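Here is how the chains run, residue by residue.
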Amino acid sequence: MKILNKIAAGALLSLTLATSALAAGPQFNTSNTGLALQGYDPVAYFTMGKPTEGSYKITAVHQDVTYRFASEEHKAAFEANPDKYLPQYGGFCAFGASMGYKFDGDPENWKIVDGELYLNLSDEIQAKWETDIPGYIVKADDKWTKIVDKKPSDL
């Protein structure tokens with residue numbers, strides 16, 4: 001009976017994750033994985049200073065997007081103040097947003113600026129973005145208001 005309960009619980013968790021991934025709107029980069037940040041822990045960037053993969057066993061859903069965490073402490077911190085840890089531009093590439101596009105944000109190409117997490121597409125794009133971070137953020141903030149509700153394929 002315990003095995004059946006575990007199977008049922010696993011199926012319910014899978015259904016919940018799949019449903020929340022499908023419900024996430026175009027303003028969030030959930031890629032083909034259905035997860036924010038490709039399963040990386042958003043809190044770890046701030047507390048550990050590095051990208052850290054989250055566990056499939058430790059998740060939270062915020063605004064119909066599923067986040068994974070490396071620890072229960074990180075999950076609790078996120079749930080207490082999700083806006084503090086959410087990546088800018090829905091987790092899309094910050095440089096791409098400055099150009100009016102939604103490109104995948106790579107969790108390994110990141111930077112915290114003024115307490116906010118930014119992702120970029122690649123090492124090359126990250127280096128370009130870092131040549132004028134304040135300028136690109138101003139451009140991206142402006143463009144984001146125009147593209148936030150559009151699908152990446154519509155841009």
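If you're wondering where the values come from, they're calculated on a predicted model, not measured in any experiment. (Residues numbered from 1 in each chain as written. Predicted model: local features only at pLDDT ≥ 70, side-chain atom pairs only at ≥ 80, totals over all residues. Heavy atoms only, no water.)

J.: Give me the pattern of salt bridges: which residues, what numbers.
T.: Counted according to the given criterion, the structure contains one salt bridge. Here Lys-146 and Asp-142 are joined by a salt bridge, their closest N and O atoms 3.0 Å apart. In this pair, Lys-146 and Asp-142 both sit in helix 7 (residues 133-147), four residues apart, roughly one turn of the helix. For Asp-142, a relative accessible area of 42% translates into the label partly exposed. (Salt bridge = Lys/Arg side-chain N within 4 Å of Asp/Glu carboxyl O. Helix = DSSP H or I, 4+ residues; strand = E, 2+ residues; numbered from the N terminus. Buried < 20%, exposed > 50% of the residue type's maximum accessible area, 1.4 Å probe, protein only.)

J.: Kindly report on the environment of Asp-142, identifying the contributing residues and their values.
T.: Along the chain, Asp-142 and Ala-97 lie 45 residues apart, while their C-alpha atoms are 9.0 Å from each other. At a separation of 3.0 Å, a polar atom in the side chain of Asp-142 contacts the side chain of Lys-146. (Polar contact = N/O pair within 3.5 Å; in protein donor to acceptor, adjacent residues only side chain to side chain.)

J.: Run through a nonpolar patch on the surface, naming residues and quoting values.
T.: Together, Met-99, Tyr-101, Phe-103 and Leu-121 line one region of the surface with nonpolar side chains, adding up to about 350 Å² of accessible area. In this fold, Met-99 is placed in the loop between helix 5 (94-98) and strand 3 (106-113). (Patch = residues over 30% accessible without salt bridge, like charges linked within 9 Å, V, L, I, M, F, W, Y side chains within 5 Å. Areas by Shrake-Rupley, 256 points an atom, 1.4 Å probe, with all protein chains shown as cover.)

J.: Can you break down the pairing of strand 4 (residues 116-120) residue by residue, with the values?
T.: Strand 4 sits mainly inside the fold: four of its five residues count as buried. Two successive antiparallel strands, strand 3 and strand 4, enclose a turn made up of two residues, where Asp-114 displays a positive phi of approximately 50°. (Pairing = 2+ DSSP bridges.)

J.: An account of the nonpolar core is needed here, citing residue identities and associated values.
T.: Formed by 15 residues in total, the largest nonpolar core has its most connected members in Tyr-89, Val-113, Tyr-118, Trp-129, Ile-137 and Trp-144. Broken down by secondary-structure element, the contributors of at least two residues to this core are helix 5 and helix 7. Looking at this core, the element that brings in the most residues is helix 7, giving six residues. Sequence-distant contacts of Trp-129, that is, excluding residues within four places in its chain, are made with Ala-94, Phe-95, Lys-111, Val-113, Tyr-118, Asn-120, Tyr-136 and Ile-137. Grouped together as the second largest cluster of nonpolar side chains are eleven residues, Val-43, Val-65, Phe-78 and Leu-86 included. (Core = buried A, V, L, I, M, F, W, Y, C linked by side-chain atoms within 4.5 Å. Contact = heavy atoms within 4.5 Å.)

J.: Talk me through the confidence of the model for the protein chain; I want residue IDs and the actual numbers.
T.: The share of residues in the protein chain with pLDDT of 70 or more is 83%, and the mean pLDDT across the chain is 87. Taken as a whole, residues 1-22 scores under 50 in pLDDT and shows nine contacts with residues more than four places along the chain or in a different chain. (pLDDT = per-residue confidence, 0-100.)

J.: With reference to specific residues and values, describe helix 7.
T.: With 15 residues, helix 7 should reach 21 Å at 1.5 Å per residue; the first-to-last C-alpha distance of 20 Å fits that figure. Within the sequence span of helix 7, burial applies to Ile-133, Gly-135, Tyr-136, Ile-137, Ala-140, Trp-144 and Ile-147. Two or three places before Gly-135, at the start of helix 7, stands the capping residue Asp-132, its side-chain oxygen 3.1 Å from that residue's backbone nitrogen. (Expected span 1.5 Å × (residues − 1).)

J.: Describe the layout of surface pockets, listing the residues and the values that go with them.
T.: A probe as big as a water molecule, rolled over the atoms, marks out the empty space that is left. Size it by volume and the largest pocket reaches roughly 190 Å³. Gln-27, Phe-28, Pro-87, Gly-90 and Gly-91 are, among the 20 residues lining the largest pocket, the residues nearest its centre. For the lining of the largest pocket, the residue count by class is ten nonpolar, nine polar and one charged. (1 Å grid on protein atoms, 1.4 Å probe; cavity = no way out; pocket = protein on both sides within 12 Å on 5 of 7 lines; lining within 4 Å. Points joined across faces, edges and corners; volume = space filled by probe spheres on them. Nonpolar A, V, L, I, M, F, W, Y, C, P; charged D, E, K, R; others polar.)

J.: How would you sum up unusual backbone geometry? Please name residues and give values.
T.: The backbone phi angle of Gln-63 is positive, close to 50°, even though this residue is not glycine. Its location among the elements puts Gln-63 in the loop between strand 1 (55-62) and strand 2 (65-69). According to the relative accessible area criterion, Gln-63 is partly exposed, its value standing at 46%.

J.: Lay out helix 3 (residues 72-80) with the relevant residues and their values.
T.: The periodicity of an α-helix, 3.6 residues per turn, causes residues three or four positions apart to be oriented the same way. Along helix 3, the residues classified as buried are His-74, Lys-75 and Phe-78. Along helix 3, the residues classed as buried sweep out an arc of 100° about the axis, all on the same side. Turned more than 90 degrees away from the buried face of helix 3 sit Glu-73 and Ala-80, all of them exposed. In this structure, the buried side of helix 3 is in contact with helix 2 (44-47), strand 1, strand 2 and helix 4 (82-85). (Arc of directions from axis to C-beta.)

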